[in-house]
Amino acid sequence: MSNVATTAPAPAAPPPVEKLKIKVDGREIEVPKLMPDWQGRLQPTTMLQACQIAGAEVPHYCYHPKLPVAGNCRMCLVEFGTPMMGPDRKPVLNPDGTPKIAKSVLPYEPGTPRGAIACATPISPGMEIYPGSAATQQMREAVLESLLINHPLDCPICDQAGECKLQEYSVEHGQANSRFVETKVHKPKAVDLGPRIVLDDERCILCTRCIRFSRDIAGDDALGIVNRGSYNTIAAWKEGAFDNNYTLNTVDLCPVGALTSRDFRFKMRVWFLKETRSVCTSCSTGCNITIGSREDVIHRYEPRDNDAVNAAWMCDAGRLNYKWVGRPDRLKEVRRRNADGTSDRIPWETAIREITARLSNAVSGSVAVVASARQTTEELHLLKKLANRFGAITDSVPRTGEADRLLVSADRNPNSNGARLTGIAYTEMGIRLPEIAEGIRSGSIRTLVVFGEDVTQHGIGADLLARLETLVVSDILPNPTTAAAHYLLPGCAHAEKRGTYINGKGRLQRFLKAVEPHGDARPEWEFLRELVTAVTAQAVPATLEGLFNEMSDGIPAFGGVRWAGIGDLGVNVTI
Amino acid sequence: MPEEFKLITKNLDQPGFTPDIGCYQRHGGYEALRKALSTAARDLPDGKKQSPQEVIRDEVLKSGLRGRGGAGFSAGLKWSFVDRRSGKPIYLICNADESEPGTFKDRQILHRDPHQLIEGMIISCWANDVKLAYIYIRGEMPIAARRLNQALAEARAAGFLGKNILGTGYDLEIHVHRGAGAYICGEETGLIESLEGKRPYPRIKPPYFPAVLGLYLCPTIVNNVETLCHVRHIVTLGGAEYAKLGTPNNTGTRIVSLSGDVQRPGYYEIEVGKVTLGELIQHPNFGGGLRPGRQLKAIIPGGSSSKVLKAGEKFQLKRKGPDGQMTSVETALLDLPYDFDSLQQAGTMSGSSAIIVLDDSRSMVATLGNLSEFYAHESCGQCTPCREGALWMEKALHRLNHGEGRKSDADYLLHIAQNIQGRTICAFGEAASWPVLSFVKKFRDEFESKGAADESARAANPARPQH
Ligand SMILES: Cc1cc2nc3c(=O)[nH]c(=O)nc-3n(C[C@H](O)[C@H](O)[C@H](O)COP(=O)(O)O)c2cc1C
Ligand code: SF4
Ligand code: SF4
Ligand code: SF4
Ligand code: FES
């Protein structure tokens, strides 16, 4: 394997692409004969895919590129035509030599155009698609009218408002007034489909995206439709039984406000949310996410499309794992513990100066570093620099759970590979922790630097910590290790800083800052940089970009990638 | 003189004919199967060879047999579309879901001559290399289901079914599957979903053509009960001889379900195209005319979803003259030959060959209200235009039938129906909208005057709640 970073997971030699010539609204374009379907398998290109290539919008509800095609909403109906064939099976030509096009009409009413659903109809050579024609427009209007007749139109109190496809398409393609004068069908409101999902059946347009996702992606055939016709209603097979680890993806998929997240509903109007590109930190898959925040409060995580990592999904556990960021007991102060057990809040400069002084006296081999595989690669790189200065033993703490068949990996650290590639941890993470414990017990290790872990849970108990001359701890939330620290340095959640993680498959991904840190807390790389500069007397780049690039130059596996080259979707590095 | 021609109903109409295998065999039962299984391979003039199975398939194609379930599609052509190269098993399904209002022909066979169907199925299966077949029977026919199972057991015991049929080495099993009572299970892909244990949501075509991606995504043949029975007679007669029955392109016989305002409602088997609509309604051999003092108002000619025909209508039928030229012949409603093509040229269809006769005592508004209740109830609700439109039309008609109508409801109904037909996943969209389109267009004055009368009544009494 080469060390060259790429943006695709497995760059296969591209097969020669066979192309077809078709016309979209009169404009000739060439499109591949085959294109990836929802599972990435090459299948005949659909009209919808062709229109997308042509830059022509085809509104759709039930179609989703990552779900099996259902063809039920009929929103994507388009008028089309195909080359007319003579009795000799040769195309019939116009006087000007162009092929004559037979527009598709109802077989039993030849004056009326017959649309085809663009999402499921393959293109054929010479086909003409008319996504902008009056007939297409009329079909769309009619579908929208049908979707709206029994819709409650409660946008003012609907969570989806602002990101609702029914609202958007009604404005773009609908008609101003409905002819409907009958009474609407009434259906259940605020149904608990499962512990995290609330359903408003009246808003549901029965596109079956939620059903298909649950059955075909999550592998849990929990949802279905009960009743008939216009009374059709989404339901879980048993009340409240929609409870797999991926249910919240259906909220993203639902084109209307039928499915809402119990966690997010009624909390915030979506147009107030600031969106920040980030990654989930709850396991080594590193699902790409968008953080929705307002005024330094995080309101939701949503998956961000990345075919190399998480397609369009994330697990519920990861999605809901954001509340700790705003916990009131977050560590907010830089503190120094005194010999009598009391502690003082001190300025950062004092802390860095005093720690530098203490470390300068440390003899080689008497220092150990335990750095969490939840720290960013840049932070781990700086900690490794620090460790190198003292010949310190380093390690991280493994964190494991059960893997599933979709996204969740057994490794619950987001940056195990970062810890390995920077040299902080070994293939078997945590293997040197007993050695560190023994070193403290025997007195050979006098100084311990801990970042982001409660080592008392991992064989280095409070009794051992009490023997240390110097214990420097950085963390986010209080725990027995932070309680024992001589110097406590409040750090940041990933959402409060920038950095990179390397996921379980070697995908190097960066994340950006969504919210401000609490109190005195600062991004760890910033104060680590000050410490490393002071202790090693070496210049360390002052920006995160510079720091990353320096690190990249020192780690061959990175293939020389620059910060700017990581992009929004990450790059592969050799693991 | 117009007469019945009993091919399918020959045995079951005989007094004393019972559905057991003994009686069937005494009437020549399973002889066609023996004949089929002993078919010899055939050399074609072009030097190619036809296997015995191909010979039977060829005979069915030559017979001109068209599907009796509704669409009237050539059975031989349908069989020729089956993907025989996929390496997957090929399934055959008998569609015994007969639920189109007005239709009661398949049930005669299922209740009274189940072995005829089974024999037709075994031959069809053998000819198509099918090892496993299903009879999907309407849930509301429990007795027929029991009789079918009984007949299948008898056939198995007699060596016509199961392993090594009649010593030929051919194995076939047929299972009966009962529906749970939904019209949409008669639509072939809805049926397939239902048979797979799912909600009967019809599949999108493309890509799910049953001949390629049918039951369990394997190649599948779906044929109507009556269609499969005809296969037995095609084997007995030979394709060419069978094709002499009926009229060109409309071959064989057909069981017509005649109901409504006639003296002698019932099922009548006719040679296709040899009897006219008028004869079916008026001749003493068939309907025997309307009730005394009544005038014909309308005919629903091919099951409730076919477009209604209005008394006095005239049509231009294309006919091949003696010189081979196509000419247009003006034909009055009652002179329409009852066949696939004539009714299609009259702008409707022979569908499931169920004729519903309406006399002048009937309100078209009330009749359409009744039909649209059925379609609103039976829409599976999968696709938007039909799901929302079917109930919308029903609500409008209910209003119109209960004093809350508007003169504009005629156009309102047309608007809804026009946005359903041709835009749905399955042909139910047509089934639900065609009655509305045809009733309102052909009897517009009746709809408008009903709406106008309601409006004046409301205007005269403004205290009533308004719509
Ligand atoms: C809504 C709907 C209901 C149908 N119901 C029936 C039925 O009850 N029985 C039947 O044989 N065909 C029914 N059909 C037609 C079937 O889809 C299919 O065309 C037929 O079974 C094919 O058999 P054939 O070619 O032998 O006619 C129905 C079609 C539609 C669209
Ligand atoms: S709940 Fe939403 S996703 Fe599910 S079928 Fe209804 S509209 Fe579609
Ligand atoms: S799979 Fe892992 S990375 Fe993805 S959302 Fe869940 S916990 Fe987060
Ligand atoms: S047309 Fe009607 S019956 Fe057919 S799939 Fe659509 S909703 Fe169901
Ligand atoms: S997007 Fe729903 S039918 Fe095509």
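About the thresholds
Residues numbered from 1 in each chain as written. Chains lettered and ligands numbered in written order. Predicted model: local features only at pLDDT ≥ 70, side-chain atom pairs only at ≥ 80, totals over all residues. Helix = DSSP H or I, 4+ residues; strand = E, 2+ residues; numbered from the N terminus. Rg over C-alpha atoms; globule rule 2.2 N^0.38 Å. Buried ≥ 20, exposed ≤ 12 C-beta atoms within 10 Å, placed from the backbone. Contact = placed C-beta atoms within 7 Å. Near = placed C-beta within 6 Å. Nonpolar A, V, L, I, M, F, W, Y, C, P; charged D, E, K, R; others polar. Domains from an automatic or database assignment. Pairing = 2+ DSSP bridges. Axes fitted to C-alpha atoms, helices over the stretch in contact; angles between N-to-C directions. Parallel < 35°, antiparallel > 145°, perpendicular 65-115°, else oblique. pLDDT = per-residue confidence, 0-100. Expected span 1.5 Å × (residues − 1). Left-handed = near helix turned anticlockwise from the far one by under 90°.

Colleague: How do you make sense of the overall build of chain B when you look at a structure like this?
Modeller: From N to C terminus, chain B includes 18 helices and 15 strands. Taken against the 2.2 N^0.38 rule, which gives 23 Å for 467 residues, the C-alpha radius of gyration of chain B at 23 Å falls within 12% of a compact globule. Along the first, second and third principal axes, the C-alpha atoms of chain B reach 80 × 50 × 45 Å. Residues counted as buried form 57% of the 467 residues belonging to chain B. Long-range pairs, those at least 24 residues apart, make up 71% of the contacts in chain B between residues at least 6 apart in sequence.

Colleague: For this particular structure, what's the right way to read the overall build of chain A?
Modeller: Check the secondary structure of chain A and you find 14 helices and 28 strands. Principal-axis analysis of the C-alpha atoms gives chain A an extent of 95 × 55 × 35 Å. In chain A, which comprises 575 residues, the share counted as buried stands at 48%. In chain A, of all internal contacts separated by at least 6 residues, the share reaching a separation of at least 24 is 65%.

Colleague: Even after reading the chapter, I still don't get the site of ligand 1, so can you show me in this structure?
Modeller: Residues and elements named next belong to chain B. Near ligand 1, the surroundings consist of 24 residues, among which Gly67, Gly69, Gly186, Asn224 and Thr227 are the closest. Sorting elements by how many residues they give to the shell around ligand 1 places strand β6 (residues 220–224) first, with three residues. For the shell around ligand 1, the class distribution of residues is nine nonpolar, nine polar and six charged. Inspection of the shell around ligand 1 shows a minimum of three residues originating in each of domain 1 (21–243) and domain 3 (364–460).

Colleague: I would appreciate a short explanation of unusual backbone geometry in the present structure.
Modeller: Residues other than glycine predominantly adopt negative phi, and peptide bonds predominantly adopt the trans conformation. Going from Lys205(B) to Pro206(B), the amide bond is cis rather than trans, its omega being 0°. Residue position: Pro206(B) is located in the loop between α8 (188–195) and α9 (210–213). Following Pro206(B), the chain continues to Pro207(B) via a peptide bond in cis, the omega torsion being 5°. Its place among the elements puts Pro207(B) in the loop between α8 and α9. Phi at Ala190(A) is positive, roughly 45°, even though this residue is not glycine. Position of Ala190(A) relative to the elements: it lies in the loop between α3 (165–173) and β11 (191–194).

Colleague: So what exactly am I meant to see when it comes to the interface of chain B and chain A here?
Modeller: By convention, interface size is frequently given as the accessible area that disappears when the constituent parts associate. Contacts between chain B and chain A engage 28 residues on the former and 29 residues on the latter. Elements with a minimum of two residues in the side of chain B that touches chain A: α14 (364–378), α15 (384–401) and α16 (409–418) of chain B. Among the elements that make up the side of chain B that touches chain A, the one with the highest residue count is α15(B) (10 residues). Of the residues that constitute the side of chain B that touches chain A, the class distribution is 12 nonpolar, 11 polar and five charged.

Colleague: Sorry if this is basic, but what is going on with the sheet that holds strand β3 (residues 90–96) of chain B here?
Modeller: Whenever strands of a sheet pair, they do so through backbone hydrogen bonds, lying parallel or antiparallel. Residues and elements named next belong to chain B. An order of β5-β4-β3-β6 is seen for the four strands of this open sheet, with the pairing classed as parallel. Edge positions in the sheet fall to β5 (173–178) and β6, since each has one partner strand and no second. Averaged over all pairs of adjacent strands, the angle between strand axes in this sheet comes to 20°, irrespective of strand direction. Inspection of the sheet shows β3 paired to strand β4 (residues 130–137) by seven bridges, in the parallel sense.

Colleague: I tried to follow the packing of helix α6 (residues 114–127) of chain B against helix α10 (residues 225–237) of chain B on my own but got confused; where do I start?
Modeller: The description of two helices packed together rests on the angle between their axes and the distance between the axes. All names here are of chain B. In the contact formed by α6 and α10, the axes pass within 7 Å of each other and the chain directions differ by 75°. In terms of axis orientation, α6 runs roughly perpendicular to α10. In contact with Gln116, Leu117, Glu119, Gly120, Met121, Ile123 and Ser124 of α6, α10 contributes Val225, Leu228, Cys229, Val231, Arg232 and Val235. Among the residues making up the contact of α6 with α10, the classes are represented as eight nonpolar, three polar and two charged.

Colleague: Mind showing me how you'd approach the domain arrangement of chain A here?
Modeller: Residue and element names in this part refer to chain A. Per the domain assignment, the segments making up chain A are domain 1 (19–147), domain 2 (152–163 + 180–326) and domain 3 (335–572). Just the C-alpha atoms count here: the centres of domain 1 and domain 2 sit 31 Å apart. The interface is formed by 10 residues belonging to domain 1 together with 11 residues belonging to domain 2. Per-class residue counts for the side of domain 1 that touches domain 2 are seven nonpolar, two polar and one charged.

Colleague: What am I meant to see in the domain arrangement of chain B here?
Modeller: Residue and element names in this part refer to chain B. Each assigned domain of chain B is listed here: domain 1 (21–243), domain 2 (257–359) and domain 3 (364–460). Taken over C-alpha atoms, the centre of domain 2 sits 25 Å from the centre of domain 3. By residue class, the composition of the side of domain 2 that touches domain 3 is three nonpolar, three polar and two charged.

Colleague: Please clarify how the sheet that holds strand β28 (residues 571–572) of chain A should be interpreted in this entry.
Modeller: Residues and elements named next belong to chain A. On the basis of which strands lie adjacent, the open sheet formed by three strands has the order β26-β27-β28 and antiparallel pairing. For this open sheet the edge positions go to β26 (499–502) and β28, each flanked by a neighbour on one side alone. Of the strand pairs in this sheet, strand β27 (residues 507–511) and β28 are connected by two bridges, and their pairing is antiparallel. Within β28, the residue paired with Leu508 across the bridge is Val571.

Colleague: Even after reading the chapter, I still don't get the site of ligand 4, so can you show me in this structure?
Modeller: Residue and element names in this part refer to chain B. If you check the shell around ligand 4, you find 14 residues, and the closest are Cys380, Cys386, Thr424, Cys426 and Phe428. Of all the secondary-structure elements, those providing two or more residues to the shell around ligand 4 are α15 and α17 (428–442). Here the residues of the shell around ligand 4 sort into eight nonpolar, five polar and one charged.

Colleague: It is not clear to me how the environment of Arg319(A) should be interpreted in this structure. Could you clarify?
Modeller: Among the structural elements, Arg319(A) can be located in helix α6 (residues 316–320). Through-space distance from the C-alpha of Arg319(A) to that of Arg412(A) is 14 Å; in sequence the pair is 93 residues apart.

Colleague: Explain the confidence of the model for chain B to me, please; I cannot follow it from the model alone.
Modeller: Any residue range with low pLDDT should be treated as having predicted coordinates unsuitable for detailed reading. In the predicted model, chain B carries a mean pLDDT of 97, and 99% of its residues have values of at least 70. In the predicted assembly, ipTM is 0.95 and pTM is 0.95.

Colleague: Is there a simple way to think about the environment of Pro36(A) in this case?
Modeller: Residue and element names in this part refer to chain A. Turning to its location among the elements, Pro36 is positioned in strand β3 (residues 34–36). Note: C-alpha distance between Pro36 and Val105 (69 residues apart in sequence) is 29 Å. Once residues lying within four places of it in the same chain are set aside, the contact partners of Pro36 are Arg41 and Leu42.

Colleague: Any chance you could explain helix α4 (residues 209–217) of chain A here in plain terms?
Modeller: In an α-helix, one full turn covers 3.6 residues, which means residues spaced three or four apart are oriented alike. All names here are of chain A. Turning to α4, its buried residues are Arg209, Cys210, Arg212, Phe213, Ser214 and Ile217. Elements that come into contact with the buried residues of α4 comprise β13 (223–226), β14 (233–236), α5 (249–253) and β15 (259–261). Downstream of α4 by one or two residues, Gly219 has phi in the positive range, about 70°.

Colleague: Help me out: how do you make sense of α14(B) in this one?
Modeller: Residues and elements named next belong to chain B. Its 15 residues place the ends of α14 21 Å apart at the C-alpha level, agreeing with the 21 Å of an ideal helix rising 1.5 Å per residue. Among the 15 residues of α14, 11 are classified as buried, and the element is accordingly described as predominantly covered. Buried residues of α14: Met364, Val365, Thr367, Leu368, Gly369, Leu371, Ser372, Phe374, Tyr375, Ala376 and Glu378, and no others.

Colleague: Hey, could you run me through the pairing of β27(A) in this one?
Modeller: Taken residue by residue, a regular strand's side chains alternate between the two faces of the sheet. All names here are of chain A. Taken across its five residues, β27 has five buried, putting it largely inside the fold. Summarising the sheet, β26 and β27 pair through four bridges and their orientation is antiparallel. Following the sheet pairing, Gly499 is matched in β27 by Phe511. Between the end of β26 and the start of β27, which pair antiparallel, lie four residues, with Gly506 showing a positive phi angle near 85°.

Colleague: I'm lost on the packing of α6(B) against helix α7 (residues 142–157) of chain B in this one. Help?
Modeller: Residue and element names in this part refer to chain B. Close contact between α6 and α7 brings their axes to 9 Å; oriented N to C, the two are set at 55°. By the angle class used here, α6 and α7 are oblique. Viewed along their axes, α6 and α7 form a crossing whose handedness is right-handed. Side by side, α6 and α7 meet where Pro114, His115 and Ile118 of the first sit next to Arg147, Leu148, Ala151, Leu152 and Ala155 of the second. When its residues are assigned to classes, the contact of α6 with α7 shows six nonpolar, one polar and one charged.

Colleague: It is not clear to me how the pairing of strand β1 (residues 19–24) of chain A should be interpreted in this structure. Could you clarify?
Modeller: All names here are of chain A. Pairing geometry for β1 and strand β2 (residues 27–32), over six bridges, is antiparallel. The residue of β2 that forms the bridge with Lys21 is Glu30. Between β1 and the antiparallel strand that follows it, β2, lie two residues; Asp25 among them carries a positive phi value of about 45°. Both β1 and strand β10 (residues 128–130) contribute to a ladder of two bridges, which runs parallel. Considered in β10, the bridge of Lys23 is made with Glu128.

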